[in-house]
Amino acid sequence: MLDRTQDEIGRLIEPGRVHRRVYTDPEIFELEMERIFGRAWLFFGHASQVPIPGDYITTDLGRQPVIMTRHHDGSIHVLLNRCTHRGAKVVNERKGNAPRLTCCYHGWSFDTDGRLMTVPVSEGCAADFDKEAFGLARAPRTGEYRGFVFASLAAKGPSFEDHIGPMKGNIDDLVDRAPEGELALDAGMHRYAYAGNWKLQVENVLDSYHVPFGHASTVNKDGVQFARREGDRKGAKVVEADQSKTASSWKDRRSYIVGNGHGWTSNTSLDDGKRSSAAFDDYKRALVEKVGAERAEQILTPRLHNSLIYPNMSIMGLNIHVRVIKPIAVDRTEVNIFPVRLVGAPAAMNTANIRLLNVTHSAASFVQTDDLEAFARAQKGLRSTASPWVDISRGLGDEEPDRELNATRELATHEMVVRAQYKAWAGYMREAA
């Protein structure tokens, strides 16, 4: 049985390594659901997913079913998806529009801000029945930045500003690409699951070490990957021509951490001076018209490859999308990939971005399938008890400050970012209720 004390949790994490139990022990997973996914600021969704009054989307935050709604006054609400009468899930659809949210069991209906509106056959209620006391429960805390909506299921804890603050620039990097300065996550999603622990995907988001090997099938005989952006004639060089070593350009890439488990990697080396196509050129003109040539050039210069907002979401800057990681069990994880539409960009540019995302990060894509296979093999391999530890020591001690970015940096092929995630993990897990 798991000892839930700080000492026991502390013994699972050491400098440069973590115990295999953090991936395989169901009791640890249950504690994660309580102490991480029951407390942390979790990405819920984007305001563009509920554009008009009555719109809603549903998901789970950890084990809790939740609803995000757009109320009549335009405000956004995050509600617990549980009828206050007999506990049934009120909304079963993933998204929709309704003037009221009605429970299928006994017909209790709620306004889009959670207030109880109607109780059928109300003469059965007690004389002092107070409808105001039976509204849908709300997420104790919510926060929003440039349309990105987060919620915490804990009434107390670090503020949203303290949590998201260091990563605002990463969100800005994506949102500023839209000529109108707004994003829309309204182009559907890719949804799939893998047979492995949720932390395998979280680690992988910022793991540049695996790319030349895990994605070897995506490069040509010259070691160059296929083009992954509209307007590019070719992609990044991943390995040298003989494919026996990684490309020299990877030595210039860096990873960064800013606390709270968050981090990002710098972008791959791409030939931006030659980037051109009918769709991209129209998009660039639209951006220049809105922000000016100098600012447009800054926005279009690649800076970020992947960004992780710990513990459950990432933003990719190359094949632009938002990824949400949803733990299901100790050895099962769901991943949701949301294409990003740049509001104000020509339709052809947005269509091209989505088509490229189908090639890279759909369930049957060239890139994501490699990662999912690696996760499944890792989970199987971790059944072995021959060695109790997992090594994450690459670059240990080589971290250095980046004063310009107010971050800590290291080579992208090192494992500083993974160690930072486990520092945050241990912080959450050691804190008893």
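Now for a look at the structure at hand. None of these values were measured; they are calculated from a predicted model.

**A word on the sheet that holds strand β6 (residues 76-80)**
One open sheet accounts for four strands, arranged β6-β5-β4-β7; its pairing is antiparallel. The sheet terminates laterally at β6 and β7 (95-97), the two strands that pair on one side only. Adjacent strand axes in the sheet meet at a mean angle of 25 degrees when their direction is disregarded.

**A short note on the nonpolar core**
Ranked by internal contacts, the top residues of the largest apolar core, which has 56 residues, are V18, Y23, I36, W198, Y310, Y422 and W425. Broken down by element, the residue count for this core peaks at 10 residues, all from helix α12 (residues 416-430). Excluding residues within four positions of it along the chain, V18 makes contact with L12, I13, Y23, P388, W389, V390, I392 and Y422. Residues F150, F160, V258 and Y283 belong to the second largest nonpolar core, which totals 36 residues.

**Re the pairing of strand β3 (residues 42-46)**
The side chains of a regular strand alternate between the sheet's two faces. For β3, a buried count of five out of five residues is recorded, marking the element as mostly surrounded by other parts of the structure. Relative to strand β12 (residues 148-152), β3 is paired through four bridges, and the arrangement is antiparallel. For F43, the partnering residue across the bridge sits in β12 and is F150.

**Topic: the side chain of T69**
Among the secondary structure elements, T69 is positioned in strand β5 (residues 64-70). Using a relative accessible area of 0% as the deciding quantity, one classes T69 as buried. A polar contact is formed between the side chain of T69 and the backbone oxygen of T112, at a distance of 2.5 Å. Apart from the residues lying within four places of it in its own chain, the contact partners of T69 are D55, Y56, S75, I76, H77, L79, L101 and T112.

**Let's talk about the pattern of salt bridges**
Taken as a whole and judged by the stated rule, the model has 27 salt bridges. Across the pair E8 and R11 runs a salt bridge, and its minimum N-O distance is 2.9 Å. In this structure, R63 and E30 form a salt bridge, with 2.9 Å as the shortest nitrogen-oxygen distance. Taken together, the positions of R63 in the loop between β4 (55-61) and β5 and E30 in helix α3 (residues 26-35) put the pair 33 residues apart, joining distant regions of the chain. Given the relative accessible area of 44%, R63 is considered partly exposed. The exposure class of E30 is partly exposed, given its relative accessible area of 41%. The network of salt bridges with shared partners includes E8, R11, R21 and D25.

**Description of helix α11 (residues 368-381)**
In a regular helix each residue adds 1.5 Å, so 14 residues correspond to 20 Å; α11 covers 20 Å between its end C-alpha atoms and thus fits that length. Listed in full, the buried residues belonging to α11 are Q368, D370, D371, L372, F375, A376 and Q379. In this structure, the buried residues of α11 make contact with α2 (21-24), β14 (190-194), α6 (198-205), α7 (211-214), β19 (321-329) and α10 (347-361).

The rules behind the values
- Every chain is numbered independently, its residues counted from 1 as its sequence is written.
- With the structure being a predicted model, the display of local features is reserved for residues of pLDDT at least 70 and the display and counting of side-chain atom pairs for 80 or more, all residues being used for whole-chain, interface and lining totals.
- Where side-chain values are given, they derive from all heavy atoms of the structure, hydrogens and water being excluded.
- Any two strands with at least two DSSP-identified bridges between them are counted as paired.
- Secondary structure elements are taken from DSSP: a helix is a run of H or I of four residues or more, a strand is a run of E of two residues or more, and numbering for both begins at the N terminus.
- Only the contacting stretch of a helix is used when fitting its axis, a line to C-alpha atoms as for every element, and angles between N-to-C directions run 0 to 180 degrees.
- Among buried residues, those of type Ala, Val, Leu, Ile, Met, Phe, Trp, Tyr and Cys that are joined through side-chain atoms within 4.5 Å constitute a nonpolar core.
- Exposed residues in this analysis have more than 50% of their type's maximum accessible area, buried residues have under 20%, and partly exposed residues fall in between, with area computed by a 1.4 Å probe over protein chains only.
- Contact definition: two residues touch when any of their heavy atoms are within 4.5 Å.
- Two N or O atoms form a polar contact when they lie within 3.5 Å of each other; inside protein one atom must be a possible hydrogen donor and the other a possible acceptor, and for residues adjacent in sequence the pair counts only when both atoms belong to side chains.
- Criterion for a salt bridge: a side-chain nitrogen of Lys or Arg within 4 Å of a carboxyl oxygen of Asp or Glu.
- Expected helix span is taken as 1.5 Å per residue step, with the number of steps being one fewer than the number of residues.

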